[in-house]
Amino acid sequence: MDILDESKDAFQLTVEDSAMRLYLQRFPFLMGPNGRMNELGHQVIYEGLKPRNRHQVATPIHRLMPRETELAEEEMERLLRIMDESKIAQAERAEMIDDYGWEANLVPREAKAALVLGCADGRELMFLRAVLPDATITALDYEDQMSEALRQAVGVRFFHGDMNALLEMFGREFDLISSNHTLEHLYTPNEVLATLAGLLREYGALISTLPMDGMDGSPFLEKVKTAAAKKTAHPLDVVYLDAGHPWKTNPADLEMTLQEAGFERPQIYQREMHLSRYASFGARRFKAELALGRVLHAVCFGWLRSIAKVLFSKNAPGGFCRALLAMERRVWFGSNNLKNRYTYEVLVLARKA
């Protein structure tokens, strides 16, 4: 089933300083151990958070039924062998297949050389190897978290460090660039996507899953919009802004950004029964639970924040902020849990223009 998305409000947090970028990725709510960086971070957010104003039109989204997200039998058998060699516990496999399988299913099978951005512990690499058994795979991440067993099972060339610096090592040598929940962490998406287009050979493709923080219905989009307009927010409300996801895009903004960077008009997909990364059910239940979560969040935490803002008109003690966040993390309707569970996820597939 296809739908048309008409979201209008995309936002970008631009941060030039690399040290601040790294700090915001580690402490997106500015509750880290460095008080000076926490203080500077507030200023950086309010100065750098801006709407991505552009003429946006309705963008088609292709919703896939469960059978359309499954790997072929031969590829699934290959994946399970790789999991065995990588020493992946049986209890973890179903969740991993649920998370990574649908992206692997849409990978262009003709790719001979693939680049993976932000591979973390390397689990997505197993899926890529399962569908591209003969391709060379190069992977990047800021840290080396990959087990030796997985590295050997996949057969990957791995580099760790700052992604922007690592990308400078490569030329136009890839048929495929893949990422799983990495692009939303870009502070300069236009520039990075243009760089990625330059690394692709003719007919090469970019495939990526990412959250639509700027899509209508995103749990705290209105709070982001207010902070961007007023250029300020109470420190207790920084959790709603999530500086770790600086590119708060939506399908129309994503489509236009990719085309401006050198890609053809992309195909954008969702799963019919898995509209976000963590909510494995259909649209009716998704909307009902989100509405309930918003009510529970307002009742349980909204009043507490309102009182705290009166008591601490300019700032709140770090201990209080951390205690409040710890309380919210214990329940599904806490700020970050609600955002992660009920922000739409899409998969984008874009060929180089």
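Residues numbered from 1 in each chain as written. Predicted model: local features only at pLDDT ≥ 70, side-chain atom pairs only at ≥ 80, totals over all residues. Heavy atoms only, no water.

Some points on the environment of Arg201
Tracing the chain through its elements places Arg201 in strand E9 (residues 200–211). Put simply, Arg201 and Lys230 are 29 residues apart on the chain and 44 Å apart in space, counted from C-alpha to C-alpha. Discounting residues that sit within four places of it in the chain, Arg201 has contacts with Ala113, Arg172, Glu173, Phe174, Asp175 and Lys352. At 3.0 Å, the side chain of Arg201 and the backbone oxygen of Glu173 are in polar contact. (Helix = DSSP H or I, 4+ residues; strand = E, 2+ residues; numbered from the N terminus. Contact = heavy atoms within 4.5 Å. Polar contact = N/O pair within 3.5 Å; in protein donor to acceptor, adjacent residues only side chain to side chain.)

Description of helix H2 (residues 35–48)
Taking 1.5 Å of rise per residue, 14 residues should cover 20 Å, and H2 covers 20 Å from first to last C-alpha, within 8% of that figure. Inspection of H2 places Met37, Asn38, Gly41, His42, Ile45, Tyr46 and Gly48 among the buried residues, and these make up the whole buried set. Two or three places before Arg36, at the start of H2, stands the capping residue Asn34, its side-chain oxygen 3.1 Å from that residue's backbone nitrogen. (Expected span 1.5 Å × (residues − 1). Buried < 20%, exposed > 50% of the residue type's maximum accessible area, 1.4 Å probe, protein only.)

So, the pairing of strand E5 (residues 113–117)
With respect to burial, E5 is a largely interior element, 5 of its 5 residues being buried. The two faces of E5 match: Ala113, Leu115 and Leu117 on one face and Ala114 and Val116 on the other face are all buried. In this sheet, strand E6 (residues 136–141) lies alongside E5 in parallel orientation, the contact comprising 5 bridges. Residue pairing in the sheet places Ala114 in a bridge with Ile137 of E6. You can see the chain leave E5, run along helix H5 (residues 123–131) and come back into E6, and the turn it takes is right-handed. Inspection of the sheet shows E5 paired to strand E8 (residues 174–180) by 4 bridges, in the parallel sense. Among the inter-strand pairings, Val116 is bridged to a residue of E8, identified as Ser178. (Pairing = 2+ DSSP bridges. Right-handed = clockwise from strand over helix to strand, strands pointing away.)

Digging into the sheet that holds strand E12 (residues 345–351)
Strand order in the open sheet formed by 9 strands is E1-E4-E11-E12-E9-E8-E5-E6-E7, and the pairing between neighbours is mixed. Only two strands of the sheet have a single partner each, and these edge strands are strand E1 (2–5) and strand E7 (156–160). Going from strand to strand, the sheet's axes swing by 20 degrees on average, the running direction of each strand aside. Against the sheet, helix H4 (residues 90–105) makes contact with strand E4 (59–64), E8, E9, strand E11 (267–271) and E12, and its axis sits at roughly 155 degrees relative to E8, the strand it touches most. (Axes fitted to C-alpha atoms, helices over the stretch in contact; angles between N-to-C directions.)

Thoughts on the nonpolar core
Core analysis: the biggest nonpolar cluster contains 54 residues, and Leu115, Leu196 and Leu254 have the highest contact counts within it. Other than its neighbours up to four places away in sequence, Leu254 contacts Leu210, Met212, Trp247, Thr249, Ile268, Val346 and Val348. (Core = buried A, V, L, I, M, F, W, Y, C linked by side-chain atoms within 4.5 Å.)

Considerations on the environment of Trp332
Of note, Trp332 is situated in the loop between helix H13 (318–328) and helix H14 (335–342). A residue is classified by how much of its surface remains accessible, and Trp332, at 33% relative accessible area, is partly exposed. Separated by 66 residues in the primary sequence, Trp332 and Pro266 have C-alpha atoms spaced 33 Å apart. In contact with Trp332, not counting residues within four places along its chain, are Glu289, Leu292, Gly293, Leu296, Asn337, Leu338 and Tyr342.

Things to note about the sheet that holds strand E2 (residues 11–13)
Pairing is antiparallel in the open sheet, where 3 strands are placed in the order E3-E2-E10. Here the strands that pair on one side only, and so sit at the sheet edges, are strand E3 (49–51) and strand E10 (247–248). Where E2 meets E10, 2 bridges bridge the pair, whose relative direction is antiparallel. Bridging across to E10, Gln12 finds its partner in Trp247.

A closer look at the pattern of salt bridges
Enumeration over the complete set of coordinates arrives at 25 salt bridges. Residues Arg123 and Glu92 are paired through a salt bridge, measuring 2.6 Å at the closest nitrogen-oxygen approach. With a gap of 31 residues between them, Arg123 in helix H5 and Glu92 in helix H4 connect regions that are remote in the sequence. Classification of Glu92 by relative accessible area gives partly exposed; the value is 31%. (Salt bridge = Lys/Arg side-chain N within 4 Å of Asp/Glu carboxyl O.)

Points about helix H12 (residues 283–311)
An ideal rise of 1.5 Å per residue puts 42 Å on 29 residues; H12 measures up with 40 Å between its terminal C-alpha atoms. At Phe301, H12 shows its largest kink, close to 40 degrees. Among the residues making up H12, those that are buried are Phe286, Glu289, Leu290, Gly293, His297, Phe301, Leu304, Arg305 and Ala308. Next to the buried residues of H12 lie helix H10 (238–241), H13 and H14. (Bend = angle between axes of the 7 residues up to and from the residue.)

Looking at the side chain of Arg93
Locating Arg93 in the fold gives a position in helix H4. Classification of Arg93 as buried rests on a relative accessible area of 8%. Within polar-contact distance, the side chain of Arg93 engages the side chain of Asp84 at 2.9 Å. If we ignore the near neighbours within four places in the chain, the residues touching Arg93 are Leu80, Met83, Asp84 and Ile88.

Digging into unusual backbone geometry
Phi at Lys87 is positive, roughly 60 degrees, even though this residue is not glycine. Its place among the elements puts Lys87 in the loop between helix H3 (73–85) and H4. If you check the backbone angles, Asp242 has positive phi at about 50 degrees while not being a glycine. Its place among the elements puts Asp242 in the loop between H10 and E10.

By themselves, these are just geometric observations and shouldn't be taken as functional.
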